[in-house]
Amino acid sequence: MYDFDFAKPATIAEARAALNSDEAQALGGGQTLLPTMKQRLAAPGLLVSLTGIAEMKGVRPTGDGQLVIGGATTHAMVAAEAAAHYPALADLARRIGDPAVRNRGTIGGSLANNDPSACYPSAVLASGATIVTDSREIAADDYFDGMFGTALEDGEIITGVRFPLPREADYQKFVQPASRFALVGVFVARFSDGVRVAVTGAGAQGVFRWTEAEAALSADFSRDAVAALAVPDVEMISDMHAAGDYRAHLVRVMTGRAVAAAR
Amino acid sequence: MPQVTLSVNGTQMTAEVEGRTLLVELLRDRFRLTGTHIGCDTSQCGACAVHVDGALVKACTALALDLDGADVTTIEGMAGADGTLSPVQQAFQDHHGLQCGFCTPGMVMAAAALLSENPKPTVAEIREYLEGNICRCTGYHNIVKAILAASGQPVDDLAASVA
């Protein structure tokens, strides 16, 4: 890993100022960025740690039935503190990586990276959540922009994520056992006005909504409704771990399981 | 160079480090606490696991400067001052929870973190918690047995239960 300058601001305003340079890169828990830098795939001149910003940590229900999670909140903290408010989201966080990774990795870091096999993007997209940054709010449907791509501008910081709370939801993850990422992960969220289904690990362009399943499940929230569907007509990741047609098959299977397990 | 100060196994320790200095490098190369191992250096294997403010962390994937002021416990801090092994360490010895021993410091730190969160884990919970700790000798069975014993639970039925 090449050397770099390091800053650990205590406020969002200080972080924003520190990131106002071409050489600067925000650092969440570092569970992806540090391995990437070790491989010299990234070599920022300045790392700005966001983990010292108290106002970006924690899980907080709002008065109007939503849940706000600070961008620097670790997966372990989400698993513990969101359980009473959004069990499916807490369950997703509880199964990311391994215990040590969950103690460092953050929701904001995961979403800023938008790994095509990361778990959180599916929850954010299926929930219709809002990404809150230091300068604006971005709807989930406008946020994800292809593999590792997002709507974030250079230096923009995810300060939090606001989740509407569904009536019931579930996340089903077919684990790639070596990496513990999702080979295929499906998050199903049922709201009073319809069902949203988001798929991670499968799409060649990253997380996507399976709209045919959403329509079918909004009419009939049952496993049979999923079983009757054709597999999604989306270009799939195809690699040594799973061929594209197998991933497409798994999307339907995991969606059915999520519907059956939703609570 | 910037300075970092940590409480390591109860002792305040300070060093000048580079931005890129990892916690595991600080512990091993500067503080000469070489019980924390570097296995894969890619946050897969868990041989470098330590406790940071009580939480299990892979020391190869944390920057020293990012942890300034933290309370770090390494394998060297697990036994008592008189050399008395911690319950987890004693159980690893009693149940032969190691073969070559390279992964053992990380396994012990993970096991201690597990038991502080969940004092009576099931076998399945133990195995799930150890997902980020790899034993290249594949000696998992006795590691699970040792952790079960350290939690005060019977181990006699273990062979049958996970066969």
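Refer to the structure above for everything that follows.
Everything numeric in this text was worked out from a predicted model, so none of it was measured.

1. A word on the environment of A:G109
- Relative to the elements of secondary structure, A:G109 occurs in helix 6 (residues 107-113).
- For the pair A:G109 and A:L229, spaced 120 residues apart in sequence, the C-alpha to C-alpha distance is 34 Å.

2. Considerations on the sheet that holds strand 5 (residues 66-70) of chain A
Residues and elements named next belong to chain A.
- One open sheet accounts for five strands, arranged 4-5-8-6-7; its pairing is antiparallel. Strands at the two margins of the open sheet, each flanked by one partner only, are strand 4 (59-61) and strand 7 (137-139). Across this sheet, the average inter-strand angle for adjacent strands is 20°, counted without regard to direction.
- Relative to strand 7, strand 6 (residues 130-133) is paired through three bridges, and the arrangement is antiparallel. Its bridge partner lying in strand 7, T130 is registered against A139.
- In the packing of helix 7 (residues 120-127) onto the sheet, contacts are made with strand 6 and strand 8 (158-164), and the angle to strand 8 comes to roughly 50°.

3. Brief notes about the sheet that holds strand 10 (residues 182-191) of chain A
Residues and elements named next belong to chain A.
- Reading across from one edge, 9-10-11-12 is the order of the four strands in this open sheet, with antiparallel pairing throughout. Both outer strands of the open sheet, strand 9 (168-175) and strand 12 (208-209), are each paired with one neighbouring strand and no more.
- Relative to strand 11 (residues 194-200), strand 10 is paired through seven bridges, and the arrangement is antiparallel. Counterpart to V188 in the pairing with strand 11 is V197.

4. Describing the environment of A:Y246
Residues and elements named next belong to chain A.
- Relative to the elements of secondary structure, Y246 occurs in helix 11 (residues 244-261).
- Taking the C-alpha atoms as reference, Y246 lies 44 Å from K8; in sequence the two are 238 residues apart.
- Residues within four places of Y246 in sequence aside, it is in contact with F174 and L183.

5. Focus: the side chain of A:S117
Residues and elements named next belong to chain A.
- Within the element layout of this structure, S117 appears in the loop between helix 6 and helix 7.
- A relative accessible area of 15% means that S117 is categorised as buried.
- Discounting residues that sit within four places of it in the chain, S117 has contacts with F181, A182, T200 and G201.

Rules used in this analysis
Residues numbered from 1 in each chain as written. Chains lettered and ligands numbered in written order. Predicted model: local features only at pLDDT ≥ 70, side-chain atom pairs only at ≥ 80, totals over all residues. Heavy atoms only, no water. Helix = DSSP H or I, 4+ residues; strand = E, 2+ residues; numbered from the N terminus. Pairing = 2+ DSSP bridges. Axes fitted to C-alpha atoms, helices over the stretch in contact; angles between N-to-C directions. Contact = heavy atoms within 4.5 Å. Buried < 20%, exposed > 50% of the residue type's maximum accessible area, 1.4 Å probe, protein only.

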